[in-house]
Amino acid sequence: MVDAGVCRGSERARLVRLCAAISGDREVAEDLAQETLLEAWRHRHKLTDARGADRWLAAIARNVCLRWSRTRSGLPVPVAELPEPTAPAEDDIAELLELLPPQSRDAMVQRYVHDRTHQEIAGSLGISSAAVSMRLTRGKQSLRQALAEAEWRPSGSTCPQCGTRKLLMRRTPTEIEFTCASCARGDVLVRYPLDNPQFARLVSGLHRPTAMFRRVGEWALHYFSGGAGADAVCTRCGQPVTVRAHVRQGGNRGLYVSCAGCGEEVWSSLAGISNGLPAVRELRPRRLLEVREERGLIAVVHGSLGGGRTVEAAFDRTTYALLGAA
Ligand SMILES: [Zn+2]
Ligand SMILES: [Zn+2]
């Protein structure tokens, strides 16, 4: 289905419309759609569940279009982060169109998603063709602005993982993300969903990453304190959930919850959880020295950059419950 060679005509047309809506440029939409299909084909082994193919493709299209808009504006192009095909993705078009003023949104959807003419849109909205043009122009301006805001920018805080580079931060209306040019290997290190009420409460109004890590770290310390098997409450919808241990690709250990009710997944690495400990927070700036397994526990070791001070947080080897710090 995502193979460029066997892509159905209607699917391709839908992709072209999507790329036109995101990029605001119908002339390049055809090329962007082609590039999306190529990228999907290159990474086809990552799509393990065909039912998620449409959303996965839409997410790739969004990345391709963002990259294109960055290249065109002469800004540095970050390493493309491909979406995890199994992660619950929101409807990308809907999310993007939410950024638009409501008046422009109707006109944009009719024009770029349903491919209607200016006259047809004017008829359906009961306004003049000139007013339709005006709304489309405003809509495209808002979209460009929203895309421009979604750039990686130096944050002013040193990466707590490698301690060598400034963290890069990206803020959109729906999320705040951090990455590091030195140690993140093209991945997003930290992501806070702002449409999740818990995370919105924790980080909205804060500007420095260190302040956000501190707030979220303190919360995660409490939320995940029982380790795997403990009961918790979904941060998005309030339903009961169970904490589970989870090892990410690359061996990064952490705790997570996945809500059967709303699909929200919240994960924190053990390093992230230990960032909430007062003794760890006092090491400034710091870096993550090592995570090692010994005598039935996992030690997460943070060290100060200047002096030789270190703090070790100990977690249970199987439940990842925090046992203490020294
Ligand atoms: Zn780093
Ligand atoms: Zn939920």
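This text gives an overview of the structure that appears in the document. Note that the structure is a prediction, hence the values are computed from the model and not measured. Residue indices begin from 1 for each chain and proceed along its sequence in written order. Think of it this way: whatever chain is written first is A, whatever ligand is written first is 1, and the rest follow in order. Per-residue local features are limited, in this predicted model, to residues with pLDDT of at least 70; the limit for side-chain atom pairs, both in listing and counting, is 80 or more; totals at the level of whole chains, interfaces and linings are taken over all residues. Side-chain descriptors were evaluated using all non-hydrogen atoms of the structure, hydrogens and water having been removed beforehand.

Considerations on the coordination of the zinc ion (ligand 1)
Coordination angles at a metal have ideal targets, namely 109.5 degrees for four tetrahedral donors and 90 or 180 degrees for six octahedral donors. Listed as protein donors to the zinc ion (ligand 1) are Cys159 (SG), Cys162 (SG), Cys180 (SG) and Cys183 (SG); their distances from the metal cover 2.2 to 2.3 Å. Around the zinc ion (ligand 1) sit 4 donor atoms; with metal-centred angles ranging over 103 to 117°, the donor geometry is tetrahedral. Counting the intervening residues between successive donors of the zinc ion (ligand 1) yields the motif C-x2-C-x17-C-x2-C. With Cys162 in the loop between β1 (153-158) and β2 (166-171) and Cys180 in the loop between β3 (175-179) and β4 (190-193), the pair connects residues that are 18 residues apart, well separated along the chain. With relative accessibility at 11%, the residue Cys162 sits in the buried group. Any nitrogen, oxygen or sulfur atom within 2.8 Å of a metal ion counts as a donor, with the limit raised to 3.2 Å for Na, K and Ca, and since water is left out, coordination shells can look unfinished. When four donors show all angles between 85 and 135 degrees the site is tetrahedral, when four or six donors have opposite pairs over 155 degrees and all other angles between 65 and 115 it is square planar or octahedral respectively, and in every other case it is irregular. Where helices and strands are cited, they refer to DSSP runs of H or I of at least four residues and of E of at least two residues respectively, numbered from the N terminus. Buried residues are those whose accessible area, probed at 1.4 Å on protein chains only, stays under 20% of the maximum for their type, while exposed residues exceed 50% and partly exposed ones sit between those limits.

Describing the pairing of β2
As defined by bridge partners, β1 adjoins β2 across 3 bridges and the pair is classed as antiparallel. Looking at the pairing, Pro154 lines up with Leu168 of β2. Sheet topology note: the β2/β3 ladder contains 4 bridges and is antiparallel. The partner of Met169 across the bridge, within β3, is Phe178. Counting the residues in the hairpin turn of β2 and β3 gives 3 residues. The rule for pairing is simple: two strands pair if DSSP sees at least two bridges between them.

Let's talk about the coordination of the zinc ion (ligand 2)
Looking at the zinc ion (ligand 2), the protein donor atoms are Cys234 (SG), Cys237 (SG), Cys259 (SG) and Cys262 (SG), and they sit 2.3 Å from it. Seen from the zinc ion (ligand 2), its 4 donor atoms lie at angles of 104 to 117°, and the figure they make is tetrahedral. For the zinc ion (ligand 2), the donor residues sit on a single chain with the sequence spacing C-x2-C-x21-C-x2-C. A residue is classified by how much of its surface remains accessible, and Cys234, at 6% relative accessible area, is buried. You can call Cys237 partly exposed: its relative accessible area is 36%.

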